[in-house]
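Spelled out, the chains give:
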Amino acid sequence: KFLSLIKEHIKKNGFVCEVTNIPLTTQTTGDRKKYNLSNFSVDRLDPSIGYNEENIIFVSWEFNKRKKDINLRDCFAILKLYKKRYPQKYENVKQEFKELFI
């Protein structure tokens, strides 16, 4: 099933990060402690839920590293604070993602 999820992702999106749209790689650095940040990584959309078919996302190591265990409530709290402190920047982002703000 896992391989079919990867194939489905590639068919829909290409071999790119589902969030940032950067091309994904599968390169090794030769050092197990260092990762190529554009490498393919499997993550959970909602960290409070396990790795299941509906919750798996395919992203870059770089995005996975940034996201860690942030949840949706945290994201909205950040947006609320961002709106308060940087109203113009918030409006710009709001326009970019207007389908979420209807």
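Now for a look at the structure at hand.

What counts, and at which threshold
- Residues numbered from 1 in each chain as written.
- Predicted model: local features only at pLDDT ≥ 70, side-chain atom pairs only at ≥ 80, totals over all residues.
- Heavy atoms only, no water.
- Phe/Tyr/Trp six-rings, centres within 6.5 Å; stacked < 30°, edge-to-face > 60°.
- Helix = DSSP H or I, 4+ residues; strand = E, 2+ residues; numbered from the N terminus.
- Lys NZ or Arg CZ within 6 Å of the ring centre and 35° of its normal.
- Polar contact = N/O pair within 3.5 Å; in protein donor to acceptor, adjacent residues only side chain to side chain.
- Contact = heavy atoms within 4.5 Å.
- Buried < 20%, exposed > 50% of the residue type's maximum accessible area, 1.4 Å probe, protein only.
- Pairing = 2+ DSSP bridges.
- Expected span 1.5 Å × (residues − 1).
- Arc of directions from axis to C-beta.
- Disulfide = S-S within 2.5 Å.
- Salt bridge = Lys/Arg side-chain N within 4 Å of Asp/Glu carboxyl O.

Taken as a whole and assessed by the stated rule, the structure comprises 4 aromatic pairs. Between the aromatic rings of F15 and F40, the centroid separation amounts to 5.6 Å while the plane-to-plane angle is 20°, which identifies the pairing as stacked. Taken together, the residues span a long stretch of sequence, with F15 in the loop between helix 1 (2–13) and strand 1 (40–44) and F40 in strand 1 at a distance of 25 residues. Centroid distance Y82 to Y86: 5.1 Å. Interplanar angle 55°. Geometry classified as tilted. Taken together, F2, F15, F40 and F58 form an aromatic cluster joined through their ring pairs. The ring of Y86 carries K89 above its face, with NZ or CZ at 5.1 Å from the centroid.

Along the chain, S60 falls in strand 2 (residues 56–60). Among the polar contacts listed, one links the side chain of S60 to the backbone nitrogen of F63, at a separation of 3.1 Å. Once residues lying within four places of it in the same chain are set aside, the contact partners of S60 are C17, I22, L24, L37, S38, N39 and S41.

Most of strand 2 is tucked away: 5 of the 5 residues are buried. Inspection of the sheet shows strand 1 paired to strand 2 by 5 bridges, in the antiparallel sense. Looking across to strand 2, one finds that V42 is bridged to F58.

Attention now goes to helix 1. In a regular helix each residue adds 1.5 Å, so 12 residues correspond to 16 Å; helix 1 covers 16 Å between its end C-alpha atoms and thus fits that length. Within the sequence span of helix 1, burial applies to L5, I6 and H9. Along the long axis of helix 1, the arc covered by the buried residues comes to 100°, so they all point the same way. Set apart from the buried face of helix 1 by more than 90 degrees, the exposed residues are L3, K7 and K11. Considering only its buried residues, helix 1 is in contact with strand 1 and strand 2.

Before going further, it helps to examine the state of the cysteines. One pass over the full model with this rule turns up 0 disulfides. Just so you know, C17 is unpaired, no disulfide at all, and the nearest cysteine sulfur is the one on C75, 14 Å from it. On the basis of relative accessible area, C75 is assigned to the partly exposed category, the value being 31%.

For the coordinates displayed, the defined rule picks out 5 salt bridges. The partner of E53 in a salt bridge is K1, and the shortest N-O contact between them spans 3.3 Å. One end of the pair, E53, is in the loop between strand 1 and strand 2; the other, K1, is in the segment before helix 1, and 52 residues separate them in sequence. Judged by relative accessible area, K1 falls into the exposed class, the value being 61%. Note that E62 is salt-bridged to R66, the shortest N-O span being 2.9 Å. In this pair, E62 and R66 both sit in helix 2 (residues 61–67), 4 residues apart, roughly one turn of the helix.

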